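# Structure assessment
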Amino acid sequence: MTRGTMTNMTANGAKPARSIRNIDLGAVAPFIALALLLVLGAFAHPNFLSIDNLTNVLARSAFIAVIAVGATFVISSGGLDLSVGAMVAFVASVMILFLNSGAGGDPTMTLLAGVGIAVLVGAVCGLANGLVTTVGRIEPFIATLGAMGIYRGLTTWLSQGGAITLRDPAVQSLYRPAYFGTILGVPVPIVVIFVTAAIGAFVLYRTRYGRHVVAVGSNEDVARYSGIKVNRVRTIAYIIQGLCVAIAVLIYVPRLGSTSATTGILWELQAITAVVVGGTALRGGVGRIWGTICGAFILEIVGNIMLLSNVVSEYLLSAIQGAIIIIAMLVQRFLIRRP
Amino acid sequence: MKKRILGLAFAMALAGTALSGGAFAQETKTIGVSIPAADHGWTSGVVFHAERVAKLLMAEHPGLNVIVKTSPDAANQANAVQDLNTQGIDALVILPSDPDPLVNAIKEVKDKGKFVTIVDRAPSVNDDTIRDLYVAGNNPALGEVAGKYIAGKTPDAQVVVIRGLPIPIDQQRQDGFDKGIAGSNVKVLDRQFGNWNRDDAFKVMQDFLTKYQKIDVVWCQDDDMAVGVLQAIEQSGRKDIQYVVAGAGSKDMIKKVMDGDTMIPVDVLYPPAMVGTAMELTASALYDQVPVSGTYTLDATLVTKENAEKFYFPDSPF
């Protein structure tokens with residue numbers, strides 16, 4: 001279909017062993033970086049490898065990881081979504097306001113309806129982004145930058161500049177386990193990460209839609225001549241992004257039970273970084289869901305190690321985080337380029 | 001006879017003063033209030049209190065008009081100040097979003113001979129060439145009061161500190177805190193930035209809990225960050241943390257103090273209501289002929305269970 005897949009297919013046919021090794025190195029690189037970080041962390045503080053710390057860190061990375069699964073679809077289809085951080089704040093605010101209104105009657109119904117509303121609002125936000133970029137033909141960078149302003153502004157307006165806090169204690173206690181609970185001993189947010197990623201990977205690698213996403217991202221014209229409805233594929237990618245934002249909101253709200261104008265600030269950049277660190281090409285055409293998850297873990301673990309170690313001045317944290325991300329990327333490039 | 005004439009003259013003079021006084025009260029005057037738009041908890045409190053005090057002042061002085069304008073950034077605020085100036089105001093109360101870029105706009109008002117009050121954020125040159133009155137909270141004291149409280153209540157405490165953002169007022173608060181605990185056995189285990197953000201404070205607190213086996217007290221200087229800190233402590237199930245000291249005076253934290261929550265025994269005030277202080281003082285400069293020019297620094301009051309009610313505004317968004 002596309003040049004990339006074609007070459008891979010021929011290569012697979014001709015020299016399968018060598019080609020598989022090539023692909024694996026690229027996909028495996030983020031995991032090697034993650035393993036190196038774990039070793040580094042073990043030196044930084046004796047408690048780093050404790051189950052408590054690792055589950056804390058993985059659970060914390062859930063928001064970015066889940067959002068980044070959606071971003072993997074958008075980016076590999078050749079798009080970009082800068083509005084996701086603001087979208088988190090907006091969807092979460094709408095959800096909390098609904099939960100506070102008590103419209104559903106008893107707490108369980110209210111909560112279920114609130115979940116439904118969050119998913120719906122997320123999907124609609126994604127659809128809006130998709131339509132503006134495809135039908136409206138606005139560069140995704142500008143379109144979603146505008147959307148970012150809109151969602152952020154709406155959040156500030158809804159909260160009147162303050163905080164929107166979940167009031168009903170019954171709903172609160174009912175909902176709290178969605179972040180703090182465990183399933184078979186595994187914290188819920190970690191389960192959510194892997195379930196979302198598994199669904200994402202299935203859609204991207206095993207369905208026709210997934211192959212269309214990669215085709216559209218690697219060469220729009222070729223995809224169009226092959227009969228792929230480019231606009232539809234891209235719009236659906238933005239809807240998937242909106243749904244992923246909604247899932248992140250569903251585990252974000254029970255944690256602090258509150259949003260403010262600063263909720264989700266710069267999360268879009270973290271999500272994009274996770275996607276790229278995970279091996280997805282920013283120009284589109286390649287998508288690696290599990291790499292993305294790995295990228296999100298790397299981002300969170302770097303911060304965790306910095307804080308746990310006593311060596312690094314608190315003023316230098318962001319500089320070192322930036323350096324580690326660049327080094328991780330260089331290591332990847334080096335691994336991928338090797339014949 | 002002579003005495004009577006004198007007495008009459010005195011009475012007339014009195015009546016005259018009373019008359020002119022009466023006319024003075026009915027004269028229309030305008031106070032322009034320029035504040036940043038509500039973009040986070042504290043500024044939303046500023047907007048709330050500016051509007052609340054504006055109503056109070058207009059009820060108190062029938063001829064007074066108070067115009068409250070909010071602006072999203074310094075450039076817009078400069079325009080808003082110019083608009084107010086054109087409209088014609090007798091006094092300006094301004095909480096600058098960023099003071100230095102606004103100096104020229106404020107000076108224009110001041111040069112017209114109007115009464116100017118600056119609130120909270122001072123420009124580099126903060127003297128009577130630019131303003132008549134400066135009203136501000138006390139950042140070093142905010143740290144010092146918290147430090148003294150901790151040193152007094154738990155003299156051997158091991159404390160972790162969550163800072164705001166690396167900007168001067170945060171440093172002033174840290175220096176104040178160090179002064180507050182000086183001479184006691186209070187030990188600061190660690191200081192990290194939480195960016196005055198709930199989510200970041202949650203992360204930092206989780207990591208502090210991993211890093212240190214025993215933490216007695218958390219000083220996080222800000223009520224928003226305290227929300228994340230409390231959640232992280234609760235989730236860890238750790239019992240060694242005795243209490244958390246935050247600051248600002250948000251309604252949620254003041255409520256906890258009022259209710260006698262053991263984790264939040266006190267709060268340190270850095271009240272957004274200071275804009276109201278500035279407006280009241282400005283109005284008394286216009287109407288009551290009392291000298292108010294100078295600098296008015298609010299104490300960083302320690303809010304305890306006993307006095308919490310005075311600082312509780314359930315209707316405020318903050």
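Residues numbered from 1 in each chain as written. Chains lettered and ligands numbered in written order. Predicted model: local features only at pLDDT ≥ 70, side-chain atom pairs only at ≥ 80, totals over all residues.

### Regarding the overall build of chain A
In terms of regular secondary structure, chain A is built from 16 helices and 4 strands. Relative to the globule expectation of 20 Å for 339 residues, the C-alpha radius of gyration of chain A, 21 Å, shows essentially globular dimensions. With respect to the three principal axes, the spread of C-alpha positions in chain A is 65 × 55 × 40 Å. In chain A, which comprises 339 residues, the share counted as buried stands at 50%. By sequence separation, contacts in chain A at least 24 residues apart represent 79% of the contacts at least 6 residues apart. (Helix = DSSP H or I, 4+ residues; strand = E, 2+ residues; numbered from the N terminus. Rg over C-alpha atoms; globule rule 2.2 N^0.38 Å. Buried ≥ 20, exposed ≤ 12 C-beta atoms within 10 Å, placed from the backbone. Contact = placed C-beta atoms within 7 Å.)

### Observations concerning the overall build of chain B
Scanning chain B from N- to C-terminus turns up 10 helices and 12 strands. Structurally, chain B occupies a C-alpha span of about 90 × 50 × 35 Å along its principal axes. The proportion of buried residues among the 318 residues of chain B is 50%.

### Looking at the sheet that holds strand E11 (residues 294-297) of chain B
Residue and element names in this part refer to chain B. Strand order in the open sheet made by the 6 strands is E2-E1-E3-E4-E5-E11, with parallel pairing throughout. At either end of the open sheet lies a strand with only one pairing partner, and these are strand E2 (64-71) and E11. Neighbour-to-neighbour, the strand axes of the sheet open up by a mean angle of 15°, direction not taken into account. For strand E5 (residues 133-136) and E11, the ladder comprises 4 bridges, and the chain directions are parallel. (Pairing = 2+ DSSP bridges. Axes fitted to C-alpha atoms, helices over the stretch in contact; angles between N-to-C directions.)

### Here's the deal with the interface of chain A and chain B
Contacts between the two partners involve 24 residues from chain A, matched on the other side by 26 residues from chain B. Among the secondary structure elements, those contributing two or more residues to the side of chain A that touches chain B are helix H3 (51-60), helix H13 (230-256), strand E4 (258-260) and helix H15 (289-308) of chain A. If you tally residues by element for the side of chain A that touches chain B, the top one is H3(A), at 4 residues. In the side of chain A that touches chain B, the residues fall into 7 nonpolar, 13 polar and 4 charged. (Nonpolar A, V, L, I, M, F, W, Y, C, P; charged D, E, K, R; others polar.)

### A closer look at the sheet that holds strand E9 (residues 243-248) of chain B
All names here are of chain B. Read across the sheet, 6 strands follow the order E7-E6-E8-E9-E10-E12 without closing on themselves; strand pairing throughout is mixed. Strands with a single pairing partner mark the edges of an open sheet, and in this sheet they are strand E7 (187-193) and strand E12 (302-303). Inspection of the sheet shows strand E10 (residues 267-269) paired to E12 by 2 bridges, in the antiparallel sense. Bridge pairing in E12 links Val268 to Leu302. Of the strands in this sheet, E9, E10 and E12 are in contact with helix H9 (residues 251-258), which crosses E10 at around 130°.

### Digging into helix H11 (residues 208-218) of chain A
Most of H11(A) sits out of view: 8 of its 11 residues are buried. Of all the residues in H11(A), the buried ones are Gly210(A), His212(A), Val213(A), Val214(A), Ala215(A), Val216(A), Gly217(A) and Ser218(A).

### Section: helix H5 (residues 139-153) of chain B
Residue and element names in this part refer to chain B. In this model H5 runs 22 Å from its N-terminal to its C-terminal C-alpha over 15 residues, within 8% of the 21 Å that 1.5 Å per residue would give. Taken across its 15 residues, H5 has 11 buried, putting it largely inside the fold. Every buried residue of H5 is listed here: Asn139, Ala141, Leu142, Gly143, Glu144, Val145, Ala146, Gly147, Tyr149, Ile150 and Ala151. Structurally, H5 contributes buried residues whose contacts are with strand E6 (158-163), helix H6 (168-181), strand E8 (217-219), E9, E10 and E12. (Expected span 1.5 Å × (residues − 1).)

### Some thoughts on the pairing of E5(B)
Residues and elements named next belong to chain B. By the alternation rule, side chains of E5 split into Leu133 and Val135 and Tyr134 and Ala136, which are all buried. Relative to E5, strand E4 (residues 115-119) is paired through 3 bridges, and the arrangement is parallel. Looking at the pairing, Val119 lines up with Val135 of E5.

### Comments concerning unusual backbone geometry
Among all residues save glycine, negative phi is the norm, and among peptide bonds the norm is trans. All names here are of chain B. Positive phi, close to 55°, is recorded for Gln221, a residue that is not glycine. Position of Gln221 among the secondary structure elements: in the loop between E8 and helix H8 (223-236). Owing to 27 C-beta atoms within 10 Å, Gln221 belongs among the buried residues under this scheme. For Gln289, which is not glycine, the phi torsion reads 50° and is therefore positive. Position of Gln289 among the secondary structure elements: in the loop between helix H10 (274-287) and E11.

### So, the environment of Tyr151(A)
Residue and element names in this part refer to chain A. With respect to the helices and strands, Tyr151 occurs in helix H7 (residues 140-158). The exposure class of Tyr151 is buried, given the 26 C-beta atoms found within 10 Å. Expressed as a C-alpha distance, the spacing of Tyr151 and Met87, which sit 64 residues apart in the sequence, is 5.7 Å. With residues near it in sequence (within four places) discarded, Tyr151 still touches Ser83, Ala86, Met87, Ala89, Phe90 and Cys125.

### What to know about the environment of Thr72(A)
All names here are of chain A. On the secondary structure map, Thr72 appears in helix H4 (residues 62-76). For Thr72, a count of 34 C-beta atoms within 10 Å gives the class buried. Here the alpha-carbon distance between Thr72 and Ala128, two residues 56 residues apart in the chain, equals 18 Å. If we ignore the near neighbours within four places in the chain, the residues touching Thr72 are Gly200, Val275, Thr280, Gly287, Ile289 and Thr292.

### Here we look at the environment of Ala74(B)
Residues and elements named next belong to chain B. Along the chain, Ala74 turns up in helix H3 (residues 74-87). Under the C-beta neighbour-count criterion, Ala74 is labelled partly exposed, with 16 such atoms within 10 Å. When the C-alpha atoms of Ala74 and Ser34 are compared, they prove to be 11 Å apart, with 40 residues separating the residues in sequence. If near-sequence neighbours (up to four positions away) are discounted, Ala74 is found in contact with Ser97, Asp98, Pro101 and Leu102.

### As for the confidence of the model for chain B
All names here are of chain B. With 91% of its residues at a pLDDT of 70 or more, chain B has an overall mean of 85. Predicted confidence for residues 14-25 stays below pLDDT 50, and this span has 1 contact to residues more than four positions away or in other chains. This prediction of the complex comes with two scores: 0.76 for pTM and 0.70 for ipTM. (pLDDT = per-residue confidence, 0-100.)

### Some remarks on the packing of helix H10 (residues 188-206) of chain A against H11(A)
All names here are of chain A. For the pair H10 and H11, interaxial distance at closest approach is 5 Å and the crossing angle is 75°. The angle between H10 and H11 falls in the class roughly perpendicular. Within the contact between the two elements, H10 uses Val203, Leu204, Tyr205 and Arg206 and H11 uses Tyr209, Gly210 and Val213. For the contact of H10 with H11, the class distribution of residues is 5 nonpolar, 1 polar and 1 charged. (Parallel < 35°, antiparallel > 145°, perpendicular 65-115°, else oblique.)

### With respect to the nonpolar core
Counting residues in hydrophobic clusters, the biggest one holds 195 residues, and the most contacted among them are Ile67(A), Val91(A), Val249(A) and Val229(B). Take this core: its biggest share by element is 18 residues, from H13(A). Leave out the neighbours within four places in its chain, and Val249(A) touches Val88(A), Val91(A), Ala92(A), Met95(A), Ala118(A) and Gly122(A). (Core = buried A, V, L, I, M, F, W, Y, C linked by C-beta atoms within 7 Å.)

### Looking at the confidence of the model for chain A
Averaged over all residues, the pLDDT of chain A equals 86, while 90% of them reach at least 70. Counting interchain partners and residues more than four positions distant, the pLDDT-below-50 stretch residues 1-18 of chain A has 10 contacts.

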